[in-house]
Amino acid sequence: MKYVLVSGGVVSGLGKGVTASSIGVILKHCGHRVTSIKIDPYLNTDAGTMSPFEHGEVFVLDDGGEVDLDLGNYERFLDVTLTRDNNLTTGKVYQGVIERERRGDYLGKTVQVVPHVTDAIQEWIERVAHIPVDGRDGPADVCVIELGGTVGDIESMPFIEALRQFQFKVGPGNFCCVHVSLVPVLGVVGEQKTKPTQHSVAVLRSLGLSPHLLACRSQEPLSDAVREKLALFCQVPANHVLNMFDVSNIWHVPLVLEAQGAHESVCNILRLGGSSNMNLTGWRTTLAERWDGLAVSLKIAMVGKYTGLSDAYLSVLKALQHACLAINRRLEVQWIEASDLEDPGKGHKSKAHEEAWARLKSADGILVPGGFGTRGVEGKVLAAHYARTANKPYLGICLGMQIAVIEFARNVLGLADANSAEFDAATPTPVVVFMPEGSTTHKGGTMRLGTRRTILETVDCVSAKLYQADRYVDERHRHRYEVNPTMVAALEERGLRFVGKDETGQRMEILELAGHVFYVASQFHPEFKSRPNRPSALFLGLLMEEELSTQGARDQRIAARRERVRKRWQALHGGAETPDGAAPGDAKAGQTHLQQLEQSRQRLARAREGAEQEATAVSLAGVRREDERRTLIESKKQALVGTLRTESRDSAGAVATLTAHWAQLMDIEVPQDLQQALQAQQAKCEVVLGRKGAIIEAARNILKAQDDEYVATLRAQAEDVDTLLTCMASQVAALDKQRATEATHMSSAYRQAHQSAARSSKAEMEALLEARSASEQAYIDRVIATSEESQNTLQEQRTADAEEFKVLKRRLEEQLHSLEAEAGIMRATYQVNTEKLVYNCRVLGERAQESAAVLSQQKRRLARQRDVLSGIKQRYAEAERRSAEENLRTTDEYRRTSSALTDLQDKFRRFQEADVAKRGAVCSLKTAELEALGRQLLDADRFVHERQLGWSWRPPQEPTSPRGAAAAQPALVRGQLVMAPESADAERRWDSLQRVDVQGQVVCEQLIHRELCLLMDSCKGSSALCA
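Residues numbered from 1 in each chain as written. Predicted model: local features only at pLDDT ≥ 70, side-chain atom pairs only at ≥ 80, totals over all residues. Heavy atoms only, no water.

- The chain goes by CTP synthase in an unreviewed UniProt entry, where it is assigned to Elliptochloris bilobata.
- Entered under Sequence similarities (unreviewed entry) in the UniProt record, the comment concerning the chain runs "Belongs to the CTP synthase family." (UniProt positions renumbered as here; feature names shortened; annotations may be inferred.)

As structure tokens, then:
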């Protein structure tokens, strides 16, 4: 399987889909089977829930897949039928990976983008690439992969990584990368800028993908300097820089690729053959050039709600184009916003409203495509009403069919409140209802999708005749609402025929309006199966009915005018007397005049038939002469080709001999210079053979040019005959017009002079017919003479061809002699080269022996070095082992030390807590002891003073008066004892008491200091023990 990757850079919307489709076309015309895959990096599972304004239309496949619109391009370009798996999205990939993870397929591994998501992408591509899509058994030869978005987007990174790995997985000869980029032109400078493409390629290369070909989009063809610059900075050959400039229609894109040799480049990269057999002549004549040559236009009004983006109705536009190609008409689409047709109210009409109605009325046909939502629905109903009442061709698709039913129910059945449950859930008259199998909670993938069978109720209907089927048709669907089955009987009773139903007979598929020129609508989407060579039947019917209705209306007007003239003639020339007093013989004269006119018309018709027969005879004679000439030319071709093949076979004998000898000498190592000499001789032989091939091709081109010239002559003669027939038809029309004019302008005065005018008119008519017959006979004689001249010219051309063949044969003989001489020189050169080869082989043998001796010495030295290296490796391994053991021991010791340190820290913390508690208890005890000791000292002091000195204890008193305060000032306060000396003896006693008191204080301080020292020593001992 071969793979072609098409990526894009700079901006989106460059036409990667058209480029991928065109590459598929050229590969298909090279004889290879092609399939396609589109990668969309968005997280949506499919395109079914995306807005047409953001992503274009949703294309529906046979299996019900809602996919990107590029798959529609693939199907139309390659004429294949794809599946939903041909559209790969990020949502599908992640959904599959998550489902596999939930099932346990990854065996407990950590699921990551690389490798699990990238592997899933590669497996998807390989699996889908082997699915046949062209109706034949077996996989395709080439798979074209389009990577959506632009290079560098974060959402496309997993796909780029997967494709980077994929290119190595499939091998270099099986993968080709084509990068589509933009070469803009700045308005001020007017120069083609290559920097965006350079940066885009640099980003792609940084991600691991190197493009083999560049497809550069531009408005005008690239200059040679720009092409060389891109080749230099993007590291691709200059002939691999393809220019995708703007063309008149997308069918020219494969022709642009062919002109630049893209088919040869791709086939060489993928190692495929068939590039020399590619022929796009049919593609050019039947599609690209034919579309450009269409002159007569048809106006089709497209009434929709997404008219701001043409990609929203891409398949509808393509189906219209295919139908126009079938009837040789140029398509002119009148885009009409449905909401502009609605009455704006307020007593005035806007400019957009008036322009929309003007475009609708000027169109040759009206088409209402599918859609969703309430916006613009009333405008579509008005468009359907106008088409029905104005006898304008109308085609409704999906929603367009439901719109036709709503309009008919409102304006024919008189149900003013008729509506669809989609637009008004509370409508009292729902003529369109929700399908019972649909989902009201989920929108994605819940509609009626894919190809479904529609059973035709009768063959006497427009749809059966267009499809050329009498039982059923298969078309693709996409809808969740349907016509209310309970309203079908009432609708059919008033003339709305449902000629197609589903297999159950309960779901309406096709409707037609009886008595209308073309009023057809379908619940399915016929545009999805339209192809350039097989246009959709309903679209073809819309355009053909418009053309036929134009001619049919003209014929009806002429027939009605004729009937009115006849009736008026009979009323004016009846057997009874008229008020003017006209004679009854006037009726007979009028009938005679009509008979003469009829005879003149029949004579002209016979002359026309005779001219047609003569032209047919001339054409048959030309065809016979052409067959004879072709037979003669073909025989000469075969003889010439046989001669050239024989001569080529003889001259190729030398090359075959050289090749055989070369194969025998391949076992001997030949010097490089001798190899180059032999290759040069072989290349020279190939050049000679190539010259012969060029001569054969030139002869074929000469014969083809002569054939084309003769065919052009026959076509010119046929055009002359067609011109003659057209002239005759215009003369018949002029006679009919003259007769109608005469009958219309008959008056009372004209009736009185009618007989004389009829006789003169008869004579003039006979003279005119004789003159025209003579001119026609003269023209036929000229045609015959021209045919004879053509035959003489053909005979002269045959003579000239024979002379040219003689000259060509003589030239070939001369070239054959020169080739024989060159072959003799080559044989002599070969003998010399053979002798040189034998000598060189002998020298090479001696050198080989010397090299073998040197090589053996080097091998022994290498063996010794290998032994030394193995010893070093062993010592290094032993050192590593000891180092590892030492590391293990160190690790264990460190672990034990860390554990012991942790235990010590825990013990210290517990000891600190216990010590703090102990110190608190000791301090509390000491404090209580000191307080008790203080109280004992006070009690002892009071006892001593009371017993030995006879003093009394009294608490201090507050002075009651200033005088008392003054009297109390000399009192001596000591603790809580208040003493007042009264004599000298008392003073002495007081002094001794003070000394005793001081000694008691010193003793108390010493006791307190000692206790504090003991407490501090105990604390220090506890701290040391903790440390």
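Moving on from the coordinates now.
### Thoughts on the pattern of salt bridges
- Taken as a whole and judged by the stated rule, the model has 37 salt bridges.
- Residue Lys529 pairs with Asp62 through a salt bridge whose shortest N-O separation is 4.0 Å. Here the residue Lys529 occupies a position in the loop between strand S21 (519-522) and helix H18 (537-572), and Asp62 occupies one in the loop between strand S3 (59-60) and strand S4 (66-67), the gap between them amounting to 467 residues.
- Looking at Asp62, the relative accessible area reads 27%, which means it is partly exposed.
- Close ionic contact of Arg882 with Glu878 constitutes a salt bridge, the shortest N to O distance being 3.7 Å. One end of the pair is Arg882 and the other is Glu878, both in helix H22 (residues 754-948) and four residues apart, which spans about a single turn. (Salt bridge = Lys/Arg side-chain N within 4 Å of Asp/Glu carboxyl O. Helix = DSSP H or I, 4+ residues; strand = E, 2+ residues; numbered from the N terminus. Buried < 20%, exposed > 50% of the residue type's maximum accessible area, 1.4 Å probe, protein only.)

### What to know about unusual backbone geometry
- The step from Val114 to Pro115 runs through a cis peptide bond, and the omega angle for that step is 15°.
- Here Pro115 shows up in helix H5 (residues 113-129).
- With a phi angle near 60°, Leu107 is a residue other than glycine that sits in the positive phi range.
- You can call Leu107 exposed: its relative accessible area is 75%.
- Although it is not a glycine, Gln235 sits at a positive phi angle of roughly 60°.
- Checked against the element boundaries, Gln235 lands in the loop between helix H8 (224-234) and strand S9 (241-245).
- Gln235 sits in the exposed class, given a relative accessible area of 55%.

### Structural notes on the sheet that holds strand S11 (residues 330-337)
- With mixed pairing, the nine strands of this open sheet are ordered in space as S11-S10-S12-S13-S21-S20-S19-S16-S17. In this open sheet, the two strands that pair with only one neighbour each are S11 and strand S17 (472-479). Put simply, the sheet's adjacent strands are angled 25° from each other on average, direction ignored.
- Strand direction decides the pairing type here: strand S16 (residues 448-456) and S17, joined by eight bridges, are antiparallel. Each residue of the ladder has a partner; that of Arg448, found in S17, is His479. (Pairing = 2+ DSSP bridges. Axes fitted to C-alpha atoms, helices over the stretch in contact; angles between N-to-C directions.)

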